[in-house]
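Commentary on secondary and tertiary structure
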Amino acid sequence: MEWLPSSSPVRLLEQPDPNYRLPAPERLLAAYRAMVIGRRFDAQATTLTKQGRLAVYPSSRGQEACQVGAALSIGAEDWLFPTYRDSVSLVTRGIDPVEVLTLLRGDWHCGYDVPATRTAPQCTPLATQTLHAVGLAHGEARKGNTTVAMALLGDGATSEGDFHEALNFAAVFRAPVVFFVQNNGYAISVPLAKQSVAPSLAHKGIGYGVRSEQVDGNDAAAVLSVLDSAVAHARAGNGPFLVEAHTYRMEPHTNADDAARYRPPEEVEHWQQRDPIGRLERHLRADGHLDDLGAQRIAAEAEEFAVAVRTRMQAEPTVDPEDLFRHVYAEPTPQLTEQLAQLRSEQEAL
Ligand SMILES: Cc1ncc(C[n+]2csc(CCOP(=O)(O)OP(=O)(O)O)c2C)c(N)n1
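About the cut-offs
- Residues numbered from 1 in each chain as written.
- Predicted model: local features only at pLDDT ≥ 70, side-chain atom pairs only at ≥ 80, totals over all residues.
- Heavy atoms only, no water.
- UniProt positions renumbered as here; feature names shortened; annotations may be inferred.
- Near = heavy atom within 4 Å.
- Polar contact = N/O pair within 3.5 Å; in protein donor to acceptor, adjacent residues only side chain to side chain.
- Areas by Shrake-Rupley, 256 points an atom, 1.4 Å probe, with all protein chains shown as cover.
- 1 Å grid on protein atoms, 1.4 Å probe; cavity = no way out; pocket = protein on both sides within 12 Å on 5 of 7 lines; lining within 4 Å.
- Sits in = over half its atoms within 2 Å of the grid points.
- Salt bridge = Lys/Arg side-chain N within 4 Å of Asp/Glu carboxyl O.
- Helix = DSSP H or I, 4+ residues; strand = E, 2+ residues; numbered from the N terminus.
- Buried < 20%, exposed > 50% of the residue type's maximum accessible area, 1.4 Å probe, protein only.
- Contact = heavy atoms within 4.5 Å.

The chain appears in an unreviewed UniProt entry as Pyruvate dehydrogenase E1 component alpha subunit from Saccharopolyspora phatthalungensis. On record in UniProt, under Cofactor (unreviewed entry), the comment for the chain is "thiamine diphosphate".

Set out below in structure tokens:
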């Protein structure tokens, strides 16, 4: 059956697969470098929440193969539609890390230039970005362009109505979209088993006529290979593609959550053994593409990256709270006018 995903998630690092090829060593090395930098950035961002420099940060530690794979499988001409958890994907795409953190710092805008970077603002309402991705992809196809839209979402977001509408619309209009579901086991504290009884989330594509596949989300080689073929499928005009990656969120939902209240330590330990960076590193070393010196160089580069982020985040931004009111409507509503007056009187009283 052409539409059915593989019966078990595609793996490549420790075993061959008849349908997918191992990416070239240079590509795997580039992914490794991006994963190491991404993890160091992620740890830095978490520390910035403790220092009060960031309001909140949803870590993607443990999901680096997915984060990096998504960014590396699309081109500069394609569009990325990320969620709040996908900061490492944005950093890998080359967006200024301080711009990436702007929204989480509490500013009213997303920080980066959306049309110039071809990256939508990080979406917090679940699954709404999937519809935005379909609309953009459909529009681009109608203009005769070969742009692909990559929509990132979590397992919890597949329970939202918007996700189902997006799949249906994309399939009917053969929109060039890749839906990339990072199934990290939980929607905040709700485990996947309490949300879905489908054989896999990849199976959810079939009913809509969307070609689907499932992949080991902690195997960077498999993630890259499966996403490469999904992007090629969409770019060639064959319609949308759904990829489900089986991965795990090592940290709590955000720094404001206590994951120990809903998940057993043995489970975290189990996934620690399947760390995506360690798995790729072992493969690269075994094949002679990485040695101690190479690994040290990359670690040093990641440290420099984090230091630069930390230093720049120490500068207090000048913010004007009235900006919140400036860009909502062409003409402010009576309620907004009243709220603005209240803000002004509060500020004068300071
Ligand atoms: C439409 C909507 N409903 C509820 C929420 C509250 N909420 C924020 S994150 C989250 C869980 C999302 O889980 P998942 O899609 O698996 O993504 P993850 O955070 O695990 O990456 C929920 C329910 C929301 N942001 N948007």
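Moving on from the coordinates now.
Okay, the site of the ligand next. Tyr 84, Arg 85, Gly 156, Ala 157 and Tyr 186 are the nearest of the 15 residues found near the ligand. Between Tyr 84 and the ligand, the recorded distance is 2.7 Å, taken from a side-chain N or O atom to an oxygen atom. A total of 590 Å² of accessible area belongs to the ligand in isolation, and the protein chains cover 72% of it. More than half of the atoms belonging to the ligand lie within 2 Å of the grid points that define the largest pocket.

Going through the model one piece at a time under the given rule, you end up with 21 salt bridges. Notably, a salt bridge pairs Glu 14 with Arg 279, separated by 2.9 Å at the nearest N-O pair. In this pair, Glu 14 sits in the segment before helix H1 (25-50) while Arg 279 sits in helix H11 (residues 276-286), placing the two residues 265 residues apart along the sequence. Note on Arg 279: relative accessible area 7%, which makes it buried.

The backbone of Ala 127 sits at a positive phi, close to 70 degrees, despite the residue not being glycine. Residue placement: Ala 127 occurs in the loop between helix H6 (114-117) and helix H7 (128-142). Using a relative accessible area of 1% as the deciding quantity, one classes Ala 127 as buried. The phi dihedral of Ile 188 falls on the positive side, at around 50 degrees, and the residue is not glycine. If you trace the backbone, Ile 188 turns up in the loop between strand S4 (186-187) and strand S5 (190-191).

Moving on: the side chain of Glu 322. Among the secondary structure elements, Glu 322 is positioned in the loop between helix H12 (292-313) and helix H13 (323-326). Residue Glu 322 is classed as buried on the basis of its relative accessible area of 16%. Among the polar contacts listed, one links the side chain of Glu 322 to the side chain of Arg 344, at a separation of 2.9 Å. When residues no more than four places from it in sequence are discounted, the contact partners of Glu 322 are Leu 340, Leu 343 and Arg 344.

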